[in-house]
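Chain residues, written in single-letter form:
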Amino acid sequence: MLQSIRLRNLRSFPNDNDAPYVDLKPLTVLIGKNSSGKSSFLRSLPLLRQSVEANTTGPILWYSSYVDFGAFSEAQKDDSEDSVIYFDFKLNLDFKRNLKFRKHYRLMGIGKYNSENAFVTVNIGVTETKNKTVAKELTIEIYDKKYSFIFEENFKCKLYIDGSLQKFSGDLKHFSTKQFLPRISLVSEETEYGFNQELLTDYFYEILYKKLEPYLHESINEYEIQKKLTLIGIMKKSEIKETLIDLFKDDKKLISNFEKNKDVIRDIVHHYSLSSNILNILDILNNEMEKTFSNVKYIAPLRSTAERYYRHQDLQVKEIDHTGSNLAMLLRSFDNNENKKFCDWTIKNFDFQVQVKEEGLHYALKIKIGNDGKEYNINDMGFGFSQILPIVASIWIEITKRRSIFERDVTLLFAIEQPELHLHPEYQVRLAKMFASVIRLSKSKKIPLTIVFETHSQTIIDTLGDCIENNKLDPQDVNIVLFDKDNDNSTTNIKFSHFNNEGFLQQWPIGFFSGRK
């Protein structure tokens with residue numbers, strides 16, 4: 001699952017390898033002055049969604065239906081001399097589970113010996129060539145290994161492992177596909193031009209066999225050795241000894257040699273077995289990132305105002321769009337049971353309910369507030385309700401709908417800009433409390449949920465602290481991200497604050513909201 005994100009050389013973010021990653025906690029709150037970089041950070045999430053959803057020639061689609069970053073030249077940091085924009089991610093992956101459901105790998109034997117969890121860092125650098133955004137480099141760090149792919153013209157590719165350039169008898173090629181990360185293949189004279197994952201895999205397994213052969217008993221034939229070695233998948237170095245003993249339990253020579261040369265043998269097996277699986281790792285990363293990014297729910301700051309009447313449209317609605325323009329259509333699709341549950345939820349959290357009422361050839365959204373039995377057309381209730389309802393309805397739909405066992409592995413990732421827009425402080429308090437209750441509900445249902453939102457509301461921040469003080473929210477579930485510009489107002493700096501167990505902010509800059517220093 002996606003754990004953290006960092007942007008480099010994008011808009012006002014510096015190209016700094018030491019810049020911090022932003023941990024995506026269940027509640028990740030982005031705070032800062034106008035034009036401090038928080039919107040650019042948040043909008044990178046829908047940017048990634050539109051990039052994986054569209055059939056593009058490059059990894060990033062700068063302009064589409066969700067957000068508009070212009071073109072590569074406009075997205076790149078103005079004063080930067082580097083022509084590469086970097087998107088950096090940290091993920092926690094269960095390789096054992098990922099490979100278990102892949103028939104191709106099971107047939108190859110891969111998947112029997114794999115670690116359950118591994119933290120992986122992925123850096124993807126993109127640049128512009130002939131007015132097209134293309135992948136320039138890809139770095140994958142896993143365990144203690146660093147794999148760097150450098151993409152060149154004519155589909156050529158170089159691979160560095162821990163800084164050492166790898167040389168192959170064939171050509172290493174990269175291909176732009178519908179996937180977020182490029183496909184990579186080792187192409188030899190004997191193979192046709194195209195994707196072939198097995199050649200690079202076999203290349204490293206062959207080296208592993210040659211390196212390990214002197215430590216094995218001579219009676220074991222080469223085919224049996226190679227077959228067993230291919231069972232060693234993606235695993236920690238600490239697991240190598242147990243795996244080798246299990247695979248070669250009848251080879252007393254290997255067991256004896258391992259006791260004498262355990263560090264050497266362990267390093268050899270770990271290095272080459274992991275290298276032989278680098279394309280499998282890349283495949284799993286692609287799958288994980290596409291699932292995550294395609295599941296981003298973006299709610300823009302300028303949400304559609306409510307209309308007095310809506311025309312009937314026979315369209316299926318799966319989710320609320322980022323402006324909330326199809327809110328009425330989605331609420332109209334609710335059956336009686338869903339409508340009652342949604343009304344009960346909004347009454348509990350916000351003391352109002354909304355229902356769809358047919359009026360001739362049209363329908364309208366009607367609001368009831370508190371104990372007032374009168375219904376009001378939402379168009380007569382000011383901007384507040386039309387601004388908060390897309391947020392409320394979108395979260396309720398995603399958190400309450402039935403999710404399969406496969407969907408539960410995918411993080412629900414909401415990216416919300418200025419949720420307090422046009423809201424009275426009382427409703428800002430209610431909204432923050434709703435966020436806290438949704439986090440608790442998702443944890444009880446074991447649904448991975450992250451709500452990333454940017455805000456200028458001190459009321460919302462204070463309310464989150466109150467929720468922690470009242471044991472309605474765990475402090476470790478909240479990440480307060482502070483955005484600020486340096487003295488020349490061109491570079492974004494990121495710092496962090498957090499709540500203690502009593503709900504008080506720690507490392508909070510004095511006068512952050514008031515402007516007093």
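Above this note sits the structure.
Below you will find a few notes about this structure. (Residues numbered from 1 in each chain as written. Predicted model: local features only at pLDDT ≥ 70, side-chain atom pairs only at ≥ 80, totals over all residues. Heavy atoms only, no water.)

This paragraph deals with the overall build of the protein. A count of helical and extended segments in the protein gives 15 helices and 21 strands. The buried share of the protein, taken over its 517 residues, is 51%. Put simply, of all contacts in the protein between residues at least 6 apart along the chain, 63% involve residues at least 24 apart. Carbon together with sulfur atoms contributes 46% to the accessible area of the protein, which is approximately 25000 Å² in total. Distance from the positive charge centre (70 side chains) to the negative charge centre (71 side chains) of the protein: 4 Å. (Helix = DSSP H or I, 4+ residues; strand = E, 2+ residues; numbered from the N terminus. Buried < 20%, exposed > 50% of the residue type's maximum accessible area, 1.4 Å probe, protein only. Contact = heavy atoms within 4.5 Å. Areas by Shrake-Rupley, 256 points an atom, 1.4 Å probe, with all protein chains shown as cover. Lys, Arg positive; Asp, Glu negative; His and termini not counted. Charge placed at Lys NZ, Arg CZ, Asp CG, Glu CD.)

The subject of this paragraph is the pattern of salt bridges. Under the defined criterion, the tally for this structure stands at 26 salt bridges. A salt bridge links Asp88 to Arg6, with the shortest nitrogen-to-oxygen separation between them at 2.9 Å. Of this pair, Asp88 sits in strand E4 (residues 85-93) while Arg6 sits in strand E1 (residues 2-8); the two residues are 82 residues apart in sequence, bridging distant segments of the chain. In this pair, the class of Asp88 matches that of Arg6, namely buried. Note that Glu259 and Lys241 form a salt bridge whose closest N and O atoms lie 3.6 Å from each other. With Glu259 in helix H8 (residues 252-260) and Lys241 in helix H7 (residues 240-247), this residue pair connects regions lying 18 residues apart in the sequence. Here Glu259 falls in the partly exposed class, since its relative accessible area comes to 48%. Exposure remark for Lys241: the relative accessible area of 35% places this residue in the partly exposed category. (Salt bridge = Lys/Arg side-chain N within 4 Å of Asp/Glu carboxyl O.)

The next subject is the packing of helix H14 (residues 425-444) against helix H15 (residues 458-469). Between H14 and H15, whose axes approach to 9 Å, the crossing angle comes to 45 degrees. Taken together, H14 and H15 sit at an angle that is classed as oblique. With respect to the hand of their crossing, H14 and H15 are arranged in right-handed fashion. Judged by residue contacts, Pro425, Gln428, Val429, Ala432, Lys433 and Ala436 of H14 engage Thr459, Ile460, Thr463, Leu464 and Cys467 from H15. Taken together, the residues of the contact of H14 with H15 sort by class into seven nonpolar, three polar and one charged. (Axes fitted to C-alpha atoms, helices over the stretch in contact; angles between N-to-C directions. Parallel < 35°, antiparallel > 145°, perpendicular 65-115°, else oblique. Left-handed = near helix turned anticlockwise from the far one by under 90°. Nonpolar A, V, L, I, M, F, W, Y, C, P; charged D, E, K, R; others polar.)

Moving on, we get to the side chain of Ser12. Mapped onto the secondary structure, Ser12 falls in the loop between E1 and strand E2 (22-23). By relative accessible area, which is 11% here, Ser12 ends up buried. A polar contact is formed between the side chain of Ser12 and the side chain of Thr492, at a distance of 2.5 Å. Setting aside chain neighbours within four positions, we find Ser12 in contact with Ser36, Gly37, Lys77, Lys485, Ser490, Thr491 and Thr492. (Polar contact = N/O pair within 3.5 Å; in protein donor to acceptor, adjacent residues only side chain to side chain.)

In this section: the packing of aromatic side chains. Scanning the entire structure with this criterion turns up 21 aromatic pairs. Both rings, one in Phe89 and one in Phe293, keep their centres 5.5 Å apart while their planes meet at 50 degrees; by these two values the pair is tilted. Placement of the pair is Phe89 in strand E4 and Phe293 in helix H10 (residues 278-294), with a sequence separation of 204 residues. Residue classification places Phe89 among the buried positions, given a relative accessible area of 0%. Note on Phe293: relative accessible area 1%, which makes it buried. With a centroid separation of 5.1 Å and 35 degrees between ring planes, the pair formed by Phe435 and Phe453 is classed as tilted. Separated by 18 residues along the polypeptide, Phe435 in helix H14 and Phe453 in strand E18 (residues 449-454) bring together distant segments of the chain. We note that Phe435, like Phe453, is buried. Taken together, the ring pairs in this structure connect Trp62, Phe69, Phe72 and Phe87 into an aromatic cluster. Its end group placed over the ring of Tyr86, Arg8 keeps NZ or CZ at 4.1 Å from the ring centre. (Phe/Tyr/Trp six-rings, centres within 6.5 Å; stacked < 30°, edge-to-face > 60°. Lys NZ or Arg CZ within 6 Å of the ring centre and 35° of its normal.)

In terms of backbone geometry, most residues other than glycine have negative phi values and most peptide bonds are trans. The phi dihedral of Arg11 is positive, around 50 degrees, even though this residue is not glycine. With respect to the helices and strands, Arg11 occurs in the loop between E1 and E2. The phi torsion at Lys446 lies on the positive side, around 60 degrees, for a residue other than glycine. Residue Lys446 is classed as exposed on the basis of its relative accessible area, which comes to 71%.

What follows is about the nonpolar core. Of all hydrophobic cores here, the largest spans 91 residues; its most connected members are Trp62, Phe87, Phe89, Phe149 and Phe180. Tallying contributions element by element places H10 first for this core, with eight residues. Discounting residues that sit within four places of it in the chain, Phe180 has contacts with Leu48, Val52, Pro59, Ile60, Phe89, Ile124, Asn286, Met289, Glu290 and Phe293. The next biggest cluster of nonpolar side chains, apart from the first, holds 59 residues, and it includes Ile31, Ile397, Ala432 and Ile460. (Core = buried A, V, L, I, M, F, W, Y, C linked by side-chain atoms within 4.5 Å.)

This part takes up the packing of helix H12 (residues 336-350) against helix H13 (residues 383-400). Between H12 and H13, the shortest axis-to-axis distance is 11 Å and the interhelical angle comes to 120 degrees. Judged by the angle between their axes, H12 and H13 are oblique. The two elements H12 and H13 meet at a crossing, and its hand is right-handed. Of the residues in H13, those touching H12 at Glu338, Lys341, Phe342, Trp345, Thr346 and Phe350 are Ile388, Leu389, Val392, Ala393 and Trp396.

A few words on the pairing of strand E6 (residues 132-142). Across ten bridges, strand E5 (residues 118-129) lies against E6 in antiparallel orientation. Pairing of Thr127 across the sheet is with Val134, part of E6. Between the antiparallel neighbours E5 and E6 lie two residues, among them Lys130 with a positive phi of about 55 degrees. Across six bridges, the pairing between E6 and strand E7 (residues 145-151) is antiparallel. When the bridges of E7 are listed, Leu138 appears paired with Phe149. Between the end of E6 and the start of E7, which pair antiparallel, lie two residues, with Tyr143 showing a positive phi angle near 55 degrees. (Pairing = 2+ DSSP bridges.)

Let's shift gears to the sheet that holds strand E19 (residues 478-485). Taken in spatial order, the seven strands of this open sheet run E12-E17-E18-E3-E19-E20-E21, and their pairing is mixed. Taken across any chain shown, the strands that pair with only one partner, and hence form the sheet edges, are strand E12 (296-299) and strand E21 (505-506). Here four bridges tie strand E3 (residues 27-32) to E18, and the two strands are oriented parallel to one another. For Leu27, the partnering residue across the bridge sits in E18 and is Ile451. The sheet contacts of helix H1 (residues 38-53) involve E3, E12, strand E17 (412-417), E18 and E19, and relative to E17 the element is tilted by about 135 degrees. Its contacts with the sheet place H14 against E3, E17 and E18, and it is angled at close to 160 degrees to E18.

Keep in mind these numbers describe shape, not what the thing actually does.
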